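Architecture and fold: a report
This is what each chain is made of:
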Amino acid sequence: MNLQNRIERLQDELRALCQSQNRSFDEITLIAVTKTHPVELIETALKAGITHIGENKVQEAMRKLPMLISKNYSFHFIGHLQSNKINQLLSLKPALIHSIDSVYLAQKLHLALGRTNRMQDILIQINSSEEDSKSGMGFAEAEAAISEIACFSSLRIRGLMTIGKLDEPEISRPLFRKMKELFEHLRESNLPGVRMDYLSMGMSHDYKIALEEGANMVRIGSAIFGERTYGVHN
Ligand SMILES: *Cc1c(COP(=O)(O)O)cnc(C)c1O
């Protein structure tokens, strides 16, 4: 099956999943995670109907995105963000940064934005599985941190992001459910500067479960592009 077929098949599957949940497919954002993949392949994906792409390394995005001929896409930054890479990342004009995981990082981002006079849409990353290897805030600290981050006038909090366990996907179901609860709770709290529009969760192995538990943004790499091989250029 070629890339175009895989994308169509995935979109059909997402559409069917939405239908079975009485949701509209239009409210789901499919992000094709293009990390490790070459510019030509990304170009093909964009021609096949992909409109959102995700990268997890600033360096790699800096190298690839300027080479894309098609400009008809939104760029999502989904990886761990080091504060010394913020200015480079901002130069790529990300539509959404999914990985704000501390008040400190948010403040650095706010200060960098102050020099550009721009607003930046962000998601707050939650470490829902509470594994040390993952970034993100704990559920317990999230609400207080979000209230603080909301005070940075150049940031717009648009929702939450998490990474499920890289395991049997059912194991992540209760985590995704807790994410949805926090999402709804924050939505009802109506904090100034906080909008809960996007719940970014679900990858190739667990997007069905994430959608069933209320995700409206999925980040899918290998189910579109095949397995990744990490080489010297990634
Ligand atoms: C790589 C990555 C994905 C996509 O992973 P797949 O398993 O290939 O679908 C999603 N989210 C984040 C944060 C990633 O780093």
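Thresholds, definitions, all that
- Residues numbered from 1 in each chain as written.
- Predicted model: local features only at pLDDT ≥ 70, side-chain atom pairs only at ≥ 80, totals over all residues.
- Heavy atoms only, no water.
- Helix = DSSP H or I, 4+ residues; strand = E, 2+ residues; numbered from the N terminus.
- Rg over C-alpha atoms; globule rule 2.2 N^0.38 Å.
- Buried < 20%, exposed > 50% of the residue type's maximum accessible area, 1.4 Å probe, protein only.
- Contact = heavy atoms within 4.5 Å.
- Areas by Shrake-Rupley, 256 points an atom, 1.4 Å probe, with all protein chains shown as cover.
- Right-handed = clockwise from strand over helix to strand, strands pointing away.
- Core = buried A, V, L, I, M, F, W, Y, C linked by side-chain atoms within 4.5 Å.
- Salt bridge = Lys/Arg side-chain N within 4 Å of Asp/Glu carboxyl O.

**Brief notes about the overall build of the chain**
Counting its secondary structure elements, the chain contains nine helices and eight strands. In summary, the chain has a C-alpha radius of gyration of 17 Å against a globular reference of 17 Å for 234 residues, a match within 12%. With the principal axes as the frame, the chain shows a C-alpha extent of 50 × 40 × 30 Å. Expressed as a percentage of the 234 residues in the chain, the buried residues total 50%. At a minimum sequence separation of 6, the contacts of the chain that also span at least 24 residues come to 61%. A total accessible area of about 11,100 Å² is found for the chain, and carbon and sulfur atoms account for 49% of it.

**Notes on unusual backbone geometry**
One non-glycine residue with positive phi stands out, namely Asn-117, at about 60°. Within the element layout of this structure, Asn-117 appears in the loop between helix 5 (103–114) and strand 5 (120–126). A positive phi angle, near 50°, is found at Asn-190, a position not held by glycine. When you line up the elements, Asn-190 lands in the loop between helix 7 (173–189) and strand 7 (194–200). Judged by relative accessible area, which is 62%, Asn-190 ranks as exposed.

**A look at the pairing of strand 1 (residues 29–33)**
Across the five residues that make up strand 1, a large majority, five, are buried. Judged by which residues are buried, strand 1 turns out to be covered on both faces: Thr-29, Ile-31 and Val-33 on one side and Leu-30 and Ala-32 on the other are all buried. Crossover connection from strand 1 via helix 2 (residues 39–47) to parallel strand 2 (residues 52–55): handedness right-handed.

**Notes on the nonpolar core**
Of all hydrophobic cores here, the largest spans 67 residues; its most connected members are Ile-124, Ile-149 and Leu-160. Take this core: its biggest share by element is six residues, from helix 1 (residues 3–20). Residues within four places of Ile-149 in sequence aside, it is in contact with Ile-100, Ser-102, Val-103, Ala-106, Ile-122, Ile-124, Met-137, Leu-155 and Ile-157. Formed by five residues, the second largest nonpolar core is a distinct cluster that contains Ile-31, Leu-96, Met-161 and Met-217.

**Some words on the pattern of salt bridges**
Within this structure, the stated rule accounts for 16 salt bridges. Among the ionic pairs, Glu-212 bridges to Arg-173, the shortest N-O distance being 2.9 Å. With Glu-212 in helix 8 (residues 207–212) and Arg-173 in helix 7, this residue pair connects regions lying 39 residues apart in the sequence. Under the relative-accessibility criterion, Glu-212 is labelled partly exposed at 40%. Taking the relative accessible area as the measure of exposure, Arg-173 reaches 18% and is therefore buried. Members of the salt-bridge network, linked through shared partners, are Asp-121, Arg-156, Arg-158, Arg-195 and Asp-197.

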